[in-house]
Amino acid sequence: MRSEAKTVEQYLSELPEERYEAMTQLRKTILENLPIGFEESMNYGMIGYVVPHSIYPQGYHSNPKLPVPYINIASQKNFIALYHMGLYSDPLLMSWWVENYAKEVNTKLDMGKSCIRFKKTTNIPFSLIGELTSKISVKEWITIYEKNRKSK
């Protein structure tokens, strides 16, 4: 479900009541743990956490007008999604996430390459997501992004 919201506040205000609280807590968790330099914005119809053009003027390779994405969160039709590009790009971080998720959450991990799906809002491991959010600095993310971009 792609939103046409222009601001984060508008996006959140358009959520169904049963998703508002979880999405607000997810946003708060990310903002409290987001390394300095990343910025919150709306992109791809979701709430995004990006490397701004002021730090990385080249922008995102597929559309240089957009900043380089790091994390996105969205309320989809059947789940809340957390898109973390670092998981897709860093096998060690992915291993850490899978191992620690299994320790903290008693349901099976529902995940694609970078998309973690939470069908029940009660299964969102906020503290673990906070730790995940803090694991990569802007400088490290740019290095990982550029390395992966050149290898393709």
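Preceding this paragraph is the structure being described.
This section reports on the structure supplied with the text. (Residues numbered from 1 in each chain as written. Predicted model: local features only at pLDDT ≥ 70, side-chain atom pairs only at ≥ 80, totals over all residues. Heavy atoms only, no water.)

## A few points about the packing of helix α2 (residues 17-33) against helix α5 (residues 126-134)
Heads up, the condition is: Every axis corresponds to a line fitted to the C-alpha atoms, with the helix fit spanning only the stretch in contact, and the corresponding angles, defined between N-to-C directions, vary from 0 to 180 degrees. Helical segments are the DSSP runs of H or I of at least four residues, strand segments are the runs of E of at least two, and each set is numbered from the N terminus. Crossings are assigned a handedness: left-handed for a near helix turned anticlockwise from the far helix by less than a right angle, right-handed for a clockwise turn. The contact criterion used throughout is that any non-hydrogen atoms of two residues lie within 4.5 Å. Throughout this entry, Asp, Glu, Lys and Arg are counted as charged residues, while Ala, Val, Leu, Ile, Met, Phe, Trp, Tyr, Cys and Pro are counted as nonpolar. The remaining residues, Gly among them, count as polar.
Packing of α2 against α5 brings their axes to within 8 Å, and their N-to-C directions diverge by 35 degrees. α5 is crossed by α2, and the crossing has right-handed handedness. Residue-level inspection shows Ala22, Gln25, Leu26, Thr29, Ile30 and Asn33 of α2 in contact with α5, the latter providing Phe126, Ile129, Gly130, Thr133 and Ser134. Classifying every residue of the contact of α2 with α5 gives five nonpolar, six polar and no charged.

## Details of the sheet that holds strand β4 (residues 80-84)
Condition: Each pair of strands is called paired provided DSSP finds at least two bridges between the two strands.
An order of β1-β2-β3-β4-β5 is seen for the five strands of this open sheet, with the pairing classed as antiparallel. Strand pairing shows two members of the sheet lacking a second neighbour, β1 (39-43) and β5 (115-118), which therefore form its edges. For this sheet the average axis-to-axis angle between neighbouring strands, irrespective of direction, equals 25 degrees. Sheet strands in contact with helix α6 (residues 138-150) are β2 (46-51) and β3 (68-75), and its direction is about 100 degrees off that of β3.

## Points about the environment of Glu14
Filter applied, for reference: Exposure is judged per residue with a 1.4 Å probe applied to protein chains only, and the accessible area is read against the type maximum: over 50% gives exposed, under 20% gives buried, and values in between give partly exposed.
Mapping Glu14 onto the fold places it in the loop between α1 (8-13) and α2. Under the relative-accessibility criterion, Glu14 is labelled partly exposed at 47%. Linking Glu14 and Pro91, residues 77 residues apart in sequence, is a C-alpha distance of 35 Å. Setting aside residues no more than four positions away along its own chain, Glu14 makes contact with Ser3 and Ala5.

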